[in-house]
Amino acid sequence: MSAPAGHPRFVSLEGGEGAGKTTVLEALRAALQADGDEVLATREPGGTPLAEMIRALLLDPSHEPALPHTELLLMFAARAQHVGDTLLPALARGAWVLSDRFTDSSYAYQGGGRGLDAGFIAELERRVVGVRPGLTLLLDVGVAQGRERASGRDLVPDRIEGERDDFFERVRATYLGRAAAEPARFRVIDASQPAERVAADAVAALQAWRDAG
Ligand code: T5A
């Protein structure tokens, strides 16, 4: 069975810790709204009240660590709720959807980082999610630089931010591998640049993709 099809109004932002997704998302939203389009900006894990509760459970460092499969299945539980309750209804009414992370994060973090089987993740994607972004902007930055940015902002690292550098190197390598394998969907943005430059590159990539579609 093949991967789910990409939707032409669904854009995801991906990258490691501190890549600058939140900053870029606002620039993309402003660019689309300037054209008068409805835009839903959302995030994963999260995007609905129940999915946000699952997010809190996943990232809370105060309880025992989630085992890799527990983490994967909770990510997909949150995603199922997000897709069914928020994302598909927005696409059906013609809105743009901008998602800070989507299924590629599960391939990168639970697949690459935790070492879970990509075939199993693909099966969950087909059965539980059933949709892919038409465009995925991968904000690529070196692990040390990204972690330094994230640590400058967070007082207490969440459960995943507390992982070691080798975990995040595998996450990055998995993202870059996926981008190389799917050049029609991915655009890799150099996120080591100043924030305004990264945002401008991301907006230009979105506009070029939209104009070509
Ligand atoms: N996860 C998620 C999984 O493991 N599997 C999954 O399936 C999914 C969906 C989510 C965690 O869950 C994991 C991945 C994550 O570990 P989160 O808090 O949402 O947790 O984590 P992130 O998405 O990584 O959020 P961050 O906020 O850490 O990263 P951002 O959004 O990429 O970075 P941003 O924009 O907040 O910027 C971080 C700091 O850097 C500065 C900003 O001002 C900010 O202070 N900054 C820059 N500084 C200099 N130059 C630039 N270009 C900068 N861009 C931003």
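Now for a description of the structure that goes with this document. (Residues numbered from 1 in each chain as written. Predicted model: local features only at pLDDT ≥ 70, side-chain atom pairs only at ≥ 80, totals over all residues. Heavy atoms only, no water.)

**Some points on the overall build of the protein chain**
Note the following rule: Helix and strand definitions follow DSSP, with helices as H or I runs of at least four residues and strands as E runs of at least two, each counted in order from the N terminus. Burial classes follow relative accessibility: with a 1.4 Å probe on protein chains only, a residue under 20% of its type's maximum area counts as buried, one over 50% as exposed, and anything between as partly exposed.
Scanning the protein chain for helices and strands turns up eight helices and five strands. Going from the N terminus to the C terminus, the protein chain shows its helices and strands as β-α-β-α-α-β-α-α-β-α-α-β-α. In terms of its C-alpha atoms, the protein chain occupies a principal-axis envelope of roughly 45 × 40 × 30 Å. With 213 residues in all, the protein chain has 46% of them scored as buried.

**A short note on the layout of surface pockets**
Rule in force here: Residues are called lining when one of their atoms sits within 4 Å of a cavity or pocket point, these points coming from a 1 Å grid over the protein atoms alone, where a cavity is a set in which a 1.4 Å probe fits but cannot get out and a pocket is an open set with protein on both sides within 12 Å along at least five of seven lines. Grid points are joined across faces, edges and corners, and a volume is the space filled by probe spheres set on the points. Any residue that is not Ala, Val, Leu, Ile, Met, Phe, Trp, Tyr, Cys, Pro, Asp, Glu, Lys or Arg is counted as polar, Gly included; the first ten are nonpolar and the last four charged.
Empty space within the largest pocket amounts to approximately 620 Å³. Along the wall of the largest pocket there are 29 residues; nearest its centre are Glu17, Lys21, Arg55, Asp100 and Arg101. Top element by residues in the lining of the largest pocket is helix H4 (residues 103-113). It accounts for four residues. Residue composition of the lining of the largest pocket, grouped by class: eight nonpolar, eight polar and 13 charged.

**Thoughts on the packing of helix H2 (residues 49-59) against helix H3 (residues 68-92)**
Heads up, the rule is: For helices, the fitted line uses only the C-alpha atoms of the stretch in contact; every axis is such a line through C-alpha atoms, and the angle between N-to-C directions lies from 0 to 180 degrees. An angle counts as roughly parallel when it lies under 35 degrees, as roughly antiparallel when it exceeds 145, as roughly perpendicular when it falls between 65 and 115, and as oblique in every other case. Definitions for this section: a left-handed crossing has its near helix turned counterclockwise from the far helix by less than a right angle. A right-handed crossing has that turn clockwise. Contacts between residues were defined by any pair of non-hydrogen atoms, one from each residue, lying within 4.5 Å.
One can describe the packing of H2 onto H3 by two numbers: an axis separation of 8 Å at closest approach and a directional angle of 160°. Judged by the angle between their axes, H2 and H3 are roughly antiparallel. The two elements H2 and H3 meet at a crossing, and its hand is left-handed. Each of Leu50, Ala51, Ile54 and Leu58 in H2 lies in contact with H3, whose residues at this interface are Glu71, Leu74, Met75, Ala77, Ala78 and Gln81. Across the contact of H2 with H3, the residue classes tally to eight nonpolar, one polar and one charged.

**Points about the site of the ligand**
The cut-off we apply is this: Nearness is judged by heavy atoms alone; a residue qualifies as near a molecule or strand once a single heavy atom is within 4 Å of it. Polar contacts, as used here, are pairs of N or O atoms within 3.5 Å; protein pairs need one atom able to donate a hydrogen and one able to accept it. Residues neighboring in sequence count only if both atoms are side-chain atoms. Using a 1.4 Å probe, the Shrake-Rupley method yields the accessible areas, and only the shown protein chains count as cover for residues. Just a note on the criterion: a molecule sits in a pocket or cavity if more than half of its atoms are within 2 Å of the grid points.
The environment of the ligand is formed by 26 residues, the closest being Lys21, Thr22, Arg101, Ser106 and Arg153. Here a nitrogen atom of the ligand sits 3.4 Å away from a polar atom, N or O, in the side chain of arginine 149. Computed on the free molecule, the ligand has an accessible area of 1,000 Å², of which 83% lies beneath the protein chains in the complex. Put simply, the ligand lies in the largest pocket. Residue assignment for the shell around the ligand shows that the elements contributing at least two residues are helix H1 (21-34), H2, H3, H4, helix H6 (143-153) and helix H8 (195-212). Ranked by residue count, the leading element in the shell around the ligand is H4, at four residues. In the shell around the ligand, the residues fall into nine nonpolar, eight polar and nine charged.

**Some thoughts on the sheet that holds strand E5 (residues 186-190)**
This is how the line gets drawn: Only strands that DSSP links by at least two bridges are regarded as paired with each other.
Spatial ordering of the open sheet is given by E2-E3-E1-E4-E5, a layout of five strands whose pairing is parallel. Since the sheet does not close on itself, it has two edges, and those belong to strand E2 (39-43) and E5, each with one partner. Pairs of neighbouring strands in the sheet enclose a mean axial angle of 20°, with direction left out of account. Bridge analysis of strand E1 (residues 6-15) against strand E4 (residues 132-140) gives seven bridges, and the strand direction is parallel. Bridge pairing in E4 places glutamate 14 opposite leucine 138. Of the strands in this sheet, E1, E2, strand E3 (96-100) and E4 are in contact with H1, which crosses E3 at around 175°.

**Details of H4**
Of all 11 residues making up H4, 11 are buried, and the element is well covered by its neighbours. Packed against the buried residues of H4 are E1, H3, helix H5 (118-129), E4, helix H7 (165-181) and E5.

**A few points about the nonpolar core**
The nonpolar side chains of a soluble globular protein tend to be buried, and buried together. Note the threshold: Think of a nonpolar core as a cluster: buried Ala, Val, Leu, Ile, Met, Phe, Trp, Tyr and Cys residues, connected wherever their side-chain atoms sit within 4.5 Å.
In this structure, Leu28, Leu137 and Leu206 are the most contacted members of the largest nonpolar core, which totals 23 residues. Contributing elements (two or more residues each) for this core: E1, H1, E3, E4 and H8. In terms of residue count, the dominant contributor to this core is H8 (six residues).

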